[in-house]
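Letter by letter, the chains look like this.
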Amino acid sequence: MSAVTAAAVAARDRGTWRAGVRKYAAIVRINMQNSLTYTWDAVGQGVAVVLFMFVFARLWKTTFAAQNATVIGGLTLAQTVWYFVWAELVQLSKLDVAQTIQDEVKDGSLAYTLGRPYHYLLYHFAFGLGNVFMRMIFILAFGAAVAWIEVGPPRFVRVEALPAVLLITLLAFVLDYCIMAALGLLAFFVEDTSAFCLIYQKINFVLGGLLLPVDFLPGAIQTVARVLPFNLVLYAPSKLFVAWNGTQFVQMLGLQLVWIGITGAGLVALFRYGARRVSINGG
Amino acid sequence: MQRVYAEVRFAGHLVRLSLASNMEYRASFITQAVGMFINNGIYFVFWLLFFDRFKEIRGYQIEQIFLLFAIVALGYGLGHTFAGNAARLAWLIAQGRLDYYLTLPRPVLPHLLFSYMEPSAAGDLTCGLVWYVFTGRFDALSILLFLVCSVLAAVIFMSFRALSGCLSFFIGNASRWSSFLSNTLLTFSLYPMGLFQGVIRLILFTLVPAAFVGAVPVEVVETHSLTLLGGIAGAAAVSVVVLVLVFRLGLRRYESGSALNVNI
């Protein structure tokens with residue numbers, strides 16, 4: 001498309017949802033290009049996942065052997081180890097926006113972005129999403145390599161179900177973003193939100209299924225964990241990756257949409273309340 | 001001997017100053033410390049759930065895990081309370097911020113390390129003590145060994161952290177690598193050593209001395225073995241010596257930054 005035609009299309013679509021999509025897609029694309037410049041950062045995260053995967057693989061191999069079990073909580077050893085590959089993939093590559101938003105609230109730079117022709121929250125989502133893909137490639141490559149060496153290839157993965165797994169993974173990123181951005185916006189009320197982020201991270205570790213698949217939790221705790229949104233960030237995509245189940249997919253998708261609606265509404269309300277409190281001084 | 005005493009007193013002054021500095025932002029200090037305490041507590045829930053279901057793994061039951069976490073948390077907390085700058089060393093070197101310490105008539109390394117207190121470390125300290133209570137070991141010798149092991153673990157933690165920070169002397173800004181290496185030490189120290197065999201086990205007793213901050217101290221407190229305690233003390237001494245040698249070597253390559261820094 002020539003520059004003139006593109007400009008004509010942009011002028012025709014101005015203010016429509018198509019123009020909005022193009023705008024945020026451009027932000028995603030630009031940050032994907034930026035992330036190519038920092039390939040070594042992504043490699044570094046890939047190296048980090050080797051550490052975690054190695055420890056998890058050893059822990060669960062020893063546990064399965066000690067229990068003399070082939071299946072625990074409905075998962076075999078190989079499924080359990082590959083479950084952690086996907087869980088680490090989501091955990092290490094998801095949009096980590098809380099710190100950025102907190103800093104922008106604290107130093108006032110948020111005020112300068114309010115007048116720009118994009119929505120602050122959508123901009124940060126698109127910006128973060130652009131950085132995700134490169135990280136995902138390396139984390140998946142390194143994590144899969146460790147799992148392959150420790151327990152062999154993932155023969156149980158249903159290739160035809162992967163698009164659905166990717167959809168659940170994308171929605172997991174959206175849900176996590178709503179929660180993390182809301183935590184960052186708490187900087188309107190408290191000086192430092194890092195403690196809240198740490199607590200959220202650790203809740204994800206336990207009730208979200210990063211350290212222990214939700215199926216392994218005791219009955220009552222498992223029931224609570226399945227109702228809360230945390231398992232929809234890590235457990236849902238990871239479980240579907242290693243043990244595809246159409247009924248479970250529909251349930252998880254429905255729950256994800258409900259929780260995205262709830263947390264998204266809370267996030268927007270928090271942002272509007274905070275934006276009203278922003279005062280801009282010259283300087 | 002008088003010189004050593006003077007340096008210890010100086011380090012004490014630095015720690016008091018850091019504490020006073022943190023107290024200026026009391027609400028933030030308390031929030032971070034309480035946040036870290038809750039953070040550690042939630043993480044520990046994983047092991048409670050794990051042992052609720054699986055009871056034992058390679059000789060470790062929940063009692064040993066309480067002791068392991070108590071020693072690691074207290075050691076980590078002590079290290080980051082008294083020598084918090086070890087965690088920032090890679091960044092300080094890369095930013096050329098050693099100039100301030102180089103111009104003063106005090107040994108650079110201890111002055112540098114003891115000049116910052118990590119506020120959240122108070123949460124780790126508290127966790128360590130609380131977890132020890134759950135071990136049920138209240139005899140004087142066990143408590144003494146627990147405290148001595150935690151102090152030695154703190155020395156190893158911070159020497160290793162600072163040593164990884166020294167990478168900045170050689171490869172530029174090594175903040176990420178420093179952080180990754182110390183996370184490696186911390187991660188491995190929080191798991192029963194029986195999970196790891198062969199070369200990995202050898203590494204955990206040498207290059208990444210996780211065994212000396214976790215599993216070996218647990219055995220010392222359980223068996224009251226003074227031989228093993230001597231082993232931990234030896235590992236701590238070696239880690240300090242290696243740190244001093246590498247820091248001196250790196251300092252020769254240090255290039256001052258042009259930035260003006262104000263230390264208040």
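Residue numbering note: each chain is counted from 1, following its sequence as written. Note on labels: chains are lettered from A, ligands numbered from 1, in written order. Residues qualify for local features only when their pLDDT is at least 70, as the model is predicted, and side-chain atom pairs are given and counted only at 80 or more; totals for whole chains, interfaces and linings, by contrast, use all residues.

Caption draft 1: How the structure looks around the overall build of chain B. Going along the chain from the N terminus, every DSSP run of H or I of four or more residues is numbered as a helix, and every run of E of two or more is numbered as a strand. When helices and strands are counted, chain B shows 13 helices and 0 strands. Element order for chain B, N to C, with α for helix and β for strand: α-α-α-α-α-α-α-α-α-α-α-α-α. For the radius of gyration, the atom set is restricted to C-alpha positions; the globular benchmark scales as 2.2 Å times the number of residues to the power 0.38. In summary, chain B has a C-alpha radius of gyration of 19 Å against a globular reference of 18 Å for 264 residues, a match within 12%. Dimensions of chain B along its principal axes, counting C-alpha atoms only, are 60 × 45 × 40 Å. Any residue surrounded by 20 or more other C-beta atoms within 10 Å of its C-beta is treated as buried, while 12 or fewer makes it exposed and the intermediate range makes it partly exposed; C-beta atoms here are placed from the backbone. Here chain B holds 264 residues, and 47% of them are scored as buried. Contacts in chain B between residues far apart in sequence, at least 24 positions, make up 80% of those at least 6 positions apart. A pair of residues counts as a contact when their C-beta atoms, built from backbone coordinates, are within 7 Å of each other.

Caption draft 2: Layout of the overall build of chain A. Broken down by element type, chain A carries 12 helices and 2 strands. Counting from the amino terminus, helix and strand elements in chain A follow one another as α-α-α-β-β-α-α-α-α-α-α-α-α-α. Principal-axis analysis of the C-alpha atoms gives chain A an extent of 70 × 50 × 35 Å. Across the 283 residues in chain A, those meeting the buried criterion constitute 40%.

Caption draft 3: Looking closely at the nonpolar core. We define the nonpolar core as any set of buried residues of the types Ala, Val, Leu, Ile, Met, Phe, Trp, Tyr and Cys, connected via C-beta atoms lying within 7 Å of each other. Core analysis: the largest hydrophobic core is formed by 159 residues, its most contacted members being A:Ala181, B:Phe69, B:Ala70, B:Ile71 and B:Ile156. Those residues within four positions of B:Phe69 in sequence are excluded, and the remaining contacts are B:Phe44, B:Trp131 and B:Leu190.

Caption draft 4: Representation of the interface of chain B and chain A. Contact with chain B, which involves 26 residues of that partner, is made by 26 residues of chain A. If you list the elements that add at least two residues to the side of chain B that touches chain A, you get α2 (26–54) and α10 (175–189) of chain B. Residue classes in the side of chain B that touches chain A are distributed as 15 nonpolar, 7 polar and 4 charged. Classification used: nonpolar for Ala, Val, Leu, Ile, Met, Phe, Trp, Tyr, Cys and Pro, charged for Asp, Glu, Lys and Arg, polar for all others including Gly.

Caption draft 5: Here's a closer look at the packing of helix α8 (residues 140–165) of chain B against α10(B). All names here are of chain B. The interhelical angle for the contact between α8 and α10, taken along N-to-C directions, is 155 degrees, at an axis separation of 8 Å. In terms of orientation, α8 lies roughly antiparallel with respect to α10. Between α8 and α10 the crossing geometry is right-handed. For the pair formed by α8 and α10, the contact residues are Phe160, Arg161, Ser164 and Gly165 on the first element and Trp177, Ser178, Leu181, Ser182 and Leu185 on the second. Of the residues assigned to the contact of α8 with α10, the class counts are 4 nonpolar, 4 polar and 1 charged. The angle between two axes is taken between their N-to-C directions and runs from 0 to 180 degrees, where each axis is a line fitted to C-alpha atoms and a helix contributes only its stretch in contact. Note that the term roughly parallel is reserved for angles under 35 degrees, roughly antiparallel for angles over 145, roughly perpendicular for angles of 65 to 115, and oblique for everything else. Rotating anticlockwise by less than a right angle from the far helix to the near helix defines a left-handed crossing, while the corresponding clockwise rotation defines a right-handed one.

Caption draft 6: Seen up close, unusual backbone geometry. All names here are of chain B. In the Ramachandran plot, Arg58 falls in the positive-phi region, its phi being about 45 degrees despite a non-glycine side chain. Inspection of the secondary structure assignment puts Arg58 in the loop between α2 and α3 (62–82). With 16 C-beta atoms packed within 10 Å, Arg58 lands in the partly exposed category. With a phi close to 60 degrees, His224 is a non-glycine residue in the positive phi region. Looking at where His224 falls in the secondary structure, it is placed in the loop between α12 (215–223) and α13 (226–251). Look at His224 and you get partly exposed, because 14 C-beta atoms sit within 10 Å.

Caption draft 7: Region of interest: α3(B). Take the number of residues in a helix, subtract one, and multiply by 1.5 Å to get its expected span. Taking 1.5 Å per residue, 21 residues should reach 30 Å; α3(B) reaches 30 Å between its end C-alpha atoms and fits that length. Burial analysis of α3(B) places 19 of its 21 residues in the buried class, the great majority of the element.

Caption draft 8: Examining helix α11 (residues 235–242) of chain A more closely. Residue and element names in this part refer to chain A. Summarising burial for α11: 8 of the 8 residues are buried, a large majority. Burial in α11 covers these residues: Tyr235, Ala236, Pro237, Ser238, Lys239, Leu240, Phe241 and Val242. Residues of α11 that are buried make contact with β2 (75–76), α4 (77–93), α8 (162–185) and α12 (246–277).

Caption draft 9: Representation of the packing of helix α5 (residues 98–107) of chain A against α8(A). Residue and element names in this part refer to chain A. For the pair α5 and α8, interaxial distance at closest approach is 7 Å and the crossing angle is 30 degrees. By the angle between their directions, the pair α5 and α8 is classed as roughly parallel. When the axes of α5 and α8 are compared, the crossing they make is right-handed. Contacts between α5 and α8 involve Ala98, Thr100, Ile101, Gln102 and Val105 from the first element and Met180, Ala181, Leu183, Gly184 and Leu185 from the second. Looking at side-chain class alone, the contact of α5 with α8 contains 7 nonpolar, 3 polar and no charged residues.

Caption draft 10: Representation of the environment of A:Arg226. Residues and elements named next belong to chain A. Within the secondary structure, Arg226 sits in helix α10 (residues 219–227). Considering only alpha carbons, one finds Arg226 and Leu255, 29 residues apart in sequence, at a separation of 9.6 Å. Discounting residues that sit within four places of it in the chain, Arg226 has contacts with Val214 and Asn231.

Caption draft 11: View of the environment of A:Lys94. All names here are of chain A. Note on placement: Lys94 falls in the loop between α4 and α5. Considering only alpha carbons, one finds Lys94 and Val132, 38 residues apart in sequence, at a separation of 6.5 Å. Apart from the residues within four sequence positions on either side, Lys94 is in contact with Phe173 and Asp176.

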